[in-house]
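# Coordinate analysis (summary)
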Amino acid sequence: MNVAWDDLRTVLLLVRHGSLAAAAEQLDVNYTTIARRIRRAEQTLNLALFERLADGYRPTEAGHLIAKHANEMEVAEHALRRSLLSADVALSGPLTITAPQLLIANFLAPVIDQFTTGYPDITLRVLATNDILDLTRLEADLAIRISRNPGDTLTGLRLLEQETAAFATQELAEKIAGNPKGMIDWVVYDTYPNVPKGIDPAYPNNRVRLRFDDMVAMLGAAQSGLGVVRMPLFLGRGTTGLVQVPVLPPQPYADIWLVGHKDVWPSRKARAFREGLVAHCKAHRGQFVS
């Protein structure tokens, strides 16, 4: 009885994520490949690992047992890969980093340009997402996070302190300055659906005009003159067509961190990227605070 690791990993991910589509996304294959691997594992083991139900696949007791041991195998595999990365002294091969989309577009692009130019033998992969990727499972080698708690189990370096403030078009800013008692329309993020706290008492009339679930859309709304948006200073200062308005004085915001697993952190490729990033952050601290 010889079950392929790919098939065992597929059983694990189907148990872990609960659907063919989710497991397929994790493995970057289509869902028919997941179904085929599950059938192959069941035939090899001569066991039913999942019940096929109308609402999806439900693991059997055997399926849970396979997933438990496959998880232990996965942990060992990731530990081996991290150890190999730590021992790697070559400035070549793959390196994966992850960071929020707007931080990449508005601040990190020069770092990426300099790194790929300086180290052409390193294949840099950039995952642009606000999601917290699992560095233990090597979903990325290094992560740049905006956070007050970037991960207790990780090795971290605080890159920048930052503040937020209010931004709007020049036309809207002038209108507010000319009539501080007038109504000020805000564009807010769904997670914080109310008018921001800490507004200057000189501007007493405020209301929420629009709510968005995406910061890129909020930037577009602000550039179109639809309202005032609270955002990090670096983002407002770096966005064409926006100026800072005194409605909301600068306020502390979550810091920017670079984090990595302790096994990966010392690798030569990670160190090379870290050195360029730190230098860039030191040179541009003024973009982030008042």
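Everything numeric here is computed off the predicted structure, so don't read it as measured data.

### Description of the packing of helix H5 (residues 101-118) against helix H9 (residues 268-283)
A pair of packed helices can be characterised by two numbers: the angle between their axes and the separation between those axes. For the pair H5 and H9, interaxial distance at closest approach is 10 Å and the crossing angle is 135°. Here H9 runs oblique to H5, going by the angle between their axes. Here the hand of the crossing between H5 and H9 comes out right-handed. Between H5 and H9, the contacting residues are Phe107, Leu108, Pro110, Val111 and Phe115 on the first element and Lys269, Ala272, Phe273, Gly276, Leu277, His280 and Cys281 on the second.

### Examining the layout of surface pockets
The space that makes up the largest pocket amounts to roughly 1,100 Å³. Taken together, 38 residues line the largest pocket, and the ones lying closest to its centre are Asn130, Tyr189, Met215, Pro232 and Tyr253. Elements supplying a minimum of two residues to the lining of the largest pocket: strand E3 (93-99), H5, strand E5 (142-147), strand E7 (184-189), helix H7 (215-223), strand E9 (229-232), helix H8 (233-237) and strand E11 (251-260). The biggest single contributor to the lining of the largest pocket is E5, with five residues. Within the lining of the largest pocket, the residues separate by chemical class into 23 nonpolar, nine polar and six charged.

### Digging into the nonpolar core
What tends to happen in soluble globular proteins is that the nonpolar side chains get buried as a cluster. Phe107, Leu108, Ile144, Leu159, Phe273 and Leu277 are the most contacted members of the largest nonpolar core, which has 39 residues in total. It is H5 that provides the largest number of residues to this core, a total of eight residues. Here leucine 277 is in contact with Leu108, Val111, Ile144, Leu159 and Leu258, once residues within four sequence places are set aside. With 20 residues, the next largest nonpolar core counts Val3, Leu45, Leu49 and Phe50 among its residues.

Calculation criteria
Residues numbered from 1 in each chain as written. Predicted model: local features only at pLDDT ≥ 70, side-chain atom pairs only at ≥ 80, totals over all residues. Heavy atoms only, no water. Axes fitted to C-alpha atoms, helices over the stretch in contact; angles between N-to-C directions. Helix = DSSP H or I, 4+ residues; strand = E, 2+ residues; numbered from the N terminus. Parallel < 35°, antiparallel > 145°, perpendicular 65-115°, else oblique. Left-handed = near helix turned anticlockwise from the far one by under 90°. Contact = heavy atoms within 4.5 Å. 1 Å grid on protein atoms, 1.4 Å probe; cavity = no way out; pocket = protein on both sides within 12 Å on 5 of 7 lines; lining within 4 Å. Points joined across faces, edges and corners; volume = space filled by probe spheres on them. Nonpolar A, V, L, I, M, F, W, Y, C, P; charged D, E, K, R; others polar. Core = buried A, V, L, I, M, F, W, Y, C linked by side-chain atoms within 4.5 Å. Buried < 20%, exposed > 50% of the residue type's maximum accessible area, 1.4 Å probe, protein only.

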